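Examination of the molecular architecture
Spelled out from the first residue to the last, the chains are:
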Amino acid sequence: MKKILVTGCLGQIGSEITMKLRNTYGADNVIATDIRKPENNDVVKSGPFEIVDVTDGKKFGEIASKYKADTIIHLAALLSAVAEAKPVLAWNINMGGLFNALEVARELKCSFFTPSSIGAFGPSTPKDKTPQDTIQRPQTMYGVTKVSGELLCDYYFKRFGVDTRGVRFPGLISYKTLPGGGTTDYAVDIYYKALQDKKYASFIKKGTYMDMMYIPDALDAIVKLMEADPSKLKHRNAFNITAMSFAPEHVADAIKKYIPEFEMTYDVDPVRQAIADSWPNSIDDTAAREEWGFKPKYDLDLMTKDMLEKLKVKLNIK
Ligand code: NAD
């Protein structure tokens, strides 16, 4: 990775991976792009930034050529809950944008990373220790675009030799940028509310297990997979990766160790609950561990301690 173009760079993952890549590979070697350009934003100010709507393949190609990109980290997408509310737009952005990104990668011979998701699984997938290679019949527009995306990335590797790589991210928890409308967002919201109000109403039901990961492990995974020896990769796209599996009450218990008066109630959102119910309880990430040495550092307790410390500073809470 020498000249890296990031799409969707202002989102939950993009805002952090762009800064990490700039620190590692040099600020001028990471071209940040998004559909919007906020004032006074670290990503916008700290290196090259361009407006790129990923559904506009021509502009996408022009910007990638202008900077002589050799790597594309493609993150622009609509997340699960938003995609269910706007399925047509989700198809256009998630599939149209991915197709454009892969075409640019093919033409310019770029290496390519894009994330799939635990949303690529569905109700007929085995729920516990979900295998790497298994049944994928999701019933959400997000899931449909994620499975299709995995297949399209495999196709571009096999048919055109594009160096495509990817992971199935679980729910990601972070404190810098708010999540963009996913089913696992409760596991971020809860930390804000615990500090601000000492109480939180979870939109996901008690007992609903989903895989999760703290953002530093997700960022390390992107870099590690992109730096991995290709001869060791049997799967390439859509590696299962996870750091922990928990239900809402477990985060509440972890928070109570630091904020004993914290109280959790439930105000379940039927749309996001239905999505959560169709996803695995826990996934098996043996292939990622064996093929490129994936090894997360944070469990629920370590993450909770760090999230509360960092958020206290961000929210200026004494
Ligand atoms: P996000 O919603 O936080 O950010 C997406 C970014 O894409 C936003 O900055 C938005 O402005 C931009 N965008 C939207 N439409 C665009 C367009 N047409 N052209 C260019 N940019 C556009 O998303 P995220 O959480 O950072 O997710 C990034 C990727 O990771 C997505 O593919 C998502 O499916 C995947 N993923 C995320 C999670 C998670 O928990 N965050 C979990 C699994 C997979």
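Residues numbered from 1 in each chain as written. Predicted model: local features only at pLDDT ≥ 70, side-chain atom pairs only at ≥ 80, totals over all residues. Heavy atoms only, no water.

Some points on the overall build of the chain
- Along its length, the chain carries 12 helices and 14 strands.
- Taken over C-alpha atoms, the radius of gyration comes to 19 Å for the chain, in line with the 20 Å a tight globule of 318 residues would show.
- Overall, the C-alpha framework of the chain stretches about 55 × 45 × 35 Å when taken along its three principal axes.
- Evaluated residue by residue, the chain yields a buried proportion of 54% over its 318 residues.
- Restricting to contacts in the chain with at least 6 residues of sequence separation, those with at least 24 account for 78%.
- For the chain, the accessible surface area stands at approximately 13900 Å², while carbon and sulfur atoms represent 53% of it.
- Distance between charge centres in the chain, computed from 43 positive and 41 negative side chains, equals 3 Å. (Helix = DSSP H or I, 4+ residues; strand = E, 2+ residues; numbered from the N terminus. Rg over C-alpha atoms; globule rule 2.2 N^0.38 Å. Buried < 20%, exposed > 50% of the residue type's maximum accessible area, 1.4 Å probe, protein only. Contact = heavy atoms within 4.5 Å. Areas by Shrake-Rupley, 256 points an atom, 1.4 Å probe, with all protein chains shown as cover. Lys, Arg positive; Asp, Glu negative; His and termini not counted. Charge placed at Lys NZ, Arg CZ, Asp CG, Glu CD.)

Describing the pattern of salt bridges
- Enumeration according to the criterion identifies 16 salt bridges in this entry.
- Residues R289 and D285 are paired through a salt bridge, measuring 2.8 Å at the closest nitrogen-oxygen approach.
- Residue R289 is classed as partly exposed on the basis of its relative accessible area of 38%.
- Taken together, the salt bridges that share partners define one network made up of K20, D220 and K297. (Salt bridge = Lys/Arg side-chain N within 4 Å of Asp/Glu carboxyl O.)

Section: the layout of surface pockets
- Considered as a void within the structure, the second largest pocket measures approximately 330 Å³ in volume.
- If you go around the second largest pocket, you meet 16 residues; those closest to its centre are S15, N41, D42, V43 and T177.
- Those elements giving two or more residues to the lining of the second largest pocket turn out to be α1 (14-25) and α2 (42-45).
- Take the lining of the second largest pocket: its biggest share by element is five residues, from α1.
- Looking at the lining of the second largest pocket, its residues break down into five nonpolar, five polar and six charged. (1 Å grid on protein atoms, 1.4 Å probe; cavity = no way out; pocket = protein on both sides within 12 Å on 5 of 7 lines; lining within 4 Å. Points joined across faces, edges and corners; volume = space filled by probe spheres on them. Nonpolar A, V, L, I, M, F, W, Y, C, P; charged D, E, K, R; others polar.)

So, the site of the ligand
- The immediate surroundings of the ligand are formed by 26 residues, with Q12, D34, R36, Y142 and K146 found nearest.
- G11 has a polar backbone atom sitting 3.2 Å from an oxygen atom of the ligand.
- One nitrogen or oxygen atom from the side chain of Y142 is found 2.6 Å from an oxygen atom belonging to the ligand.
- Across the shell around the ligand, the residue classes tally to 15 nonpolar, seven polar and four charged. (Near = heavy atom within 4 Å. Polar contact = N/O pair within 3.5 Å; in protein donor to acceptor, adjacent residues only side chain to side chain.)

Re the environment of G14
- As for its position among the elements, G14 is in helix α1.
- Filtering out sequence-adjacent residues up to four positions away, G14 remains in contact with G8, C9 and L75.

What about the domain arrangement of the chain?
- Per the domain assignment, the segments making up the chain are domain 1 (4-170 + 214-240) and domain 2 (174-212 + 244-314).
- Averaged C-alpha coordinates put domain 1 and domain 2 at centres separated by 23 Å.
- The partner domain 2 presents 37 residues to the 41 residues of domain 1 that form the contact.
- The tally of links from domain 1 across to domain 2 stands at two salt bridges. (Domains from an automatic or database assignment.)

Topic: unusual backbone geometry
- At N40, a position not held by glycine, the phi torsion is positive, near 55 degrees.
- Mapped onto the fold, N40 is located in the loop between β2 (30-34) and α2.
- Even without being glycine, N316 reaches a positive phi, approximately 55 degrees.
- One can find N316 in the segment after α12 (300-315).

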